[in-house]
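Listed below are the residues making up each chain.
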Amino acid sequence: RDAAIMPSNEVYLLWGSTGWIGGILQGLLRDGGRKVVVAKSRLQNRQDIEKELDEHQPTRVLIAAGITGRPNVDWCETNKEATVRTNVIGTLALVDACWQRGIHATLFATGCIYEYDKEHPIGGRGFTEEDRPNYDGSFYSKTKALVEELLKVYSNVLILRLRMPISDDLSERSFVTKIAKYHKVVDIPNSMTVLNELLPLSLSMSENKLTGIFNFCNPGAISHNEVLQIYKEEVDPDFVWSNFSLEEQAKILGAGRSNNFLETKKLEDEAVKLGHNIPDIKTAVRQALRKAKANLVAQGKFPDGLPKKLGPGNK
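Residues numbered from 1 in each chain as written. Predicted model: local features only at pLDDT ≥ 70, side-chain atom pairs only at ≥ 80, totals over all residues. Heavy atoms only, no water.

S.K.: Let's hear about the overall build of the chain: which residues, and what values?
M.R.: Along the chain, the regular secondary structure elements total eleven helices and eight strands. Radius of gyration (C-alpha) of the chain: 19 Å, near the 20 Å computed for a compact globule of 315 residues. Considered along the principal axes of its C-alpha atoms, the chain spans approximately 55 × 40 × 35 Å. Burial analysis of the chain (315 residues in total) assigns 52% to the buried set. In the chain, 79% of the contacts between residues at least 6 apart in sequence involve partners at least 24 apart. Put simply, the chain shows about 14,500 Å² of open surface, and 51% of that area lies on carbon and sulfur atoms. On the chain, the mean spot of the 41 positive side-chain charges and the mean spot of the 40 negative ones are 3 Å from each other. (Helix = DSSP H or I, 4+ residues; strand = E, 2+ residues; numbered from the N terminus. Rg over C-alpha atoms; globule rule 2.2 N^0.38 Å. Buried < 20%, exposed > 50% of the residue type's maximum accessible area, 1.4 Å probe, protein only. Contact = heavy atoms within 4.5 Å. Areas by Shrake-Rupley, 256 points an atom, 1.4 Å probe, with all protein chains shown as cover. Lys, Arg positive; Asp, Glu negative; His and termini not counted. Charge placed at Lys NZ, Arg CZ, Asp CG, Glu CD.)

S.K.: Got a sec to walk through the packing of helix α2 (residues 46-56) against helix α4 (residues 80-101)? Specific residues and values, please.
M.R.: Across the interface, α2 lies against α4 with an axial gap of 10 Å and an inter-helix angle of 40°. Viewed along their axes, α2 and α4 form a crossing whose handedness is right-handed. Residue-level contacts link R46, I49, E50, L53 and D54 of α2 to A93, L94, D96, A97, C98, Q100 and R101 of α4. Class assignment for the residues of the contact of α2 with α4 results in six nonpolar, one polar and five charged. (Axes fitted to C-alpha atoms, helices over the stretch in contact; angles between N-to-C directions. Left-handed = near helix turned anticlockwise from the far one by under 90°. Nonpolar A, V, L, I, M, F, W, Y, C, P; charged D, E, K, R; others polar.)

S.K.: I'd like a description of the pattern of salt bridges, backed by residues and values.
M.R.: Taken as a whole, this structure holds 16 salt bridges when the rule is applied. One salt bridge in this structure joins E207 and R34, with 4.0 Å as the shortest N-O distance. Within this pair, whereas E207 is found in helix α7 (residues 195-207), its partner R34 is found in the loop between α1 (20-31) and β2 (35-38), the two being separated by 173 residues in sequence. A single burial state applies to E207 and to R34, both of which are buried. Note that E234 is salt-bridged to R286, the shortest N-O span being 2.9 Å. Here R286 lies in helix α11 (residues 281-298) and E234 lies in helix α8 (residues 224-234), a separation of 52 residues in the sequence. Each of R46, E50, D54, D96 and R101 takes part in a single network of salt bridges with overlapping partners. (Salt bridge = Lys/Arg side-chain N within 4 Å of Asp/Glu carboxyl O.)

S.K.: An account of α7 is requested, with residue identities and associated values reported.
M.R.: With 13 residues, α7 should cover 18 Å at 1.5 Å per step; its first-to-last C-alpha distance of 18 Å lies within 8% of that length. Backbone geometry just downstream of α7 places K209 in the positive-phi region, at approximately 55°. (Expected span 1.5 Å × (residues − 1).)

S.K.: Let's hear about the environment of V147: which residues, and what values?
M.R.: Topologically, V147 is positioned in helix α5 (residues 139-151). Considered as a pair, V147 and N87 are 60 residues apart in the sequence and their alpha carbons are 7.3 Å apart. Not counting residues up to four positions away in its chain, the partners in contact with V147 are N87, V88, T91 and L92.

S.K.: Give a detailed account of α5, specifying residues and quantitative values.
M.R.: Taking 1.5 Å of rise per residue, 13 residues should cover 18 Å, and α5 covers 18 Å from first to last C-alpha, within 8% of that figure. Every buried residue belonging to α5 is among F139, Y140, S141, T143, K144, A145, V147, E148 and L151, and all of these are buried.

S.K.: Could you give me a rundown of the sheet that holds strand β4 (residues 104-110), with the residues and numbers involved?
M.R.: The strand order across the open sheet formed by six strands is β2-β1-β3-β4-β5-β7, and the pairing between neighbours is parallel. Here the strands that pair on one side only, and so sit at the sheet edges, are β2 and β7 (212-215). Each strand of the sheet is rotated relative to its neighbour by a mean of 20°, with strand direction disregarded. With four bridges connecting them, strand β1 (residues 11-15) and strand β3 (residues 60-63) associate as parallel partners. Bridging from a neighbouring strand, L13 pairs with V61 of β3. Lying over the sheet, α2 contacts β1, β2 and β3, oriented at roughly 160° with respect to β1. (Pairing = 2+ DSSP bridges.)

Here's what the structure looks like:
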């Protein structure tokens, strides 16, 4: 259904509005004429969470809050208590409080809980929503896999597994911007999520009160080199980069990084029912970067607004 004809009694309560994805969701909701209330309580404060739920009486809760670490997930390795408090205890508390009140909750989670293995090799079949997570190379991923397993028992929650999110601008948080700043990158095919294509679908899924786990990525896989080649073709023809191995990358990282391909048939089938078309990842990345370039030009920020290489090396 069209966003503009949503029932007037629908109220979305959004956790994580100050974050990147939460901010985009807030804009989509308001642009679509939906009533959205920004939660002020922190996930780890259950009393405050319950107070807000009772005060605003939402029909939908969106959870885009959580700790990913700044500048990256390496932070979680040395702040494990804080990571557990938010990503596990806090997320569970909010979903549980919603369940007690009969409120549907949508969690913007991660698919970085798998790693290529013998049964799921590069170029082979991907991981489905039913496969048990097999990646614990970072503490961040450990907490995400743990909380997902516990959330499975709740009948009111929709879990969307995003991976390496990409936006149609050059946001600092976009996967494209991050790797464009590096002098060297690994080159491994991965599932990725182009936000402008998929976040509107997430709101339709919430509206229709879908539950369970969905691999929330564009169909197919794309490698780092393929992403940067599209960036070079669509945005910056002077862009250069080089590759290094996973072993070389590990020397400069505090924690491992997940690489995987997630099957998206379940999501694609549901999208068709809801009237959404999901472009494959290579098409979606090209369209997003084409728009990003056009926006930079329109704002007079090209080429000065392009990502700058970090230095020295990848620090």
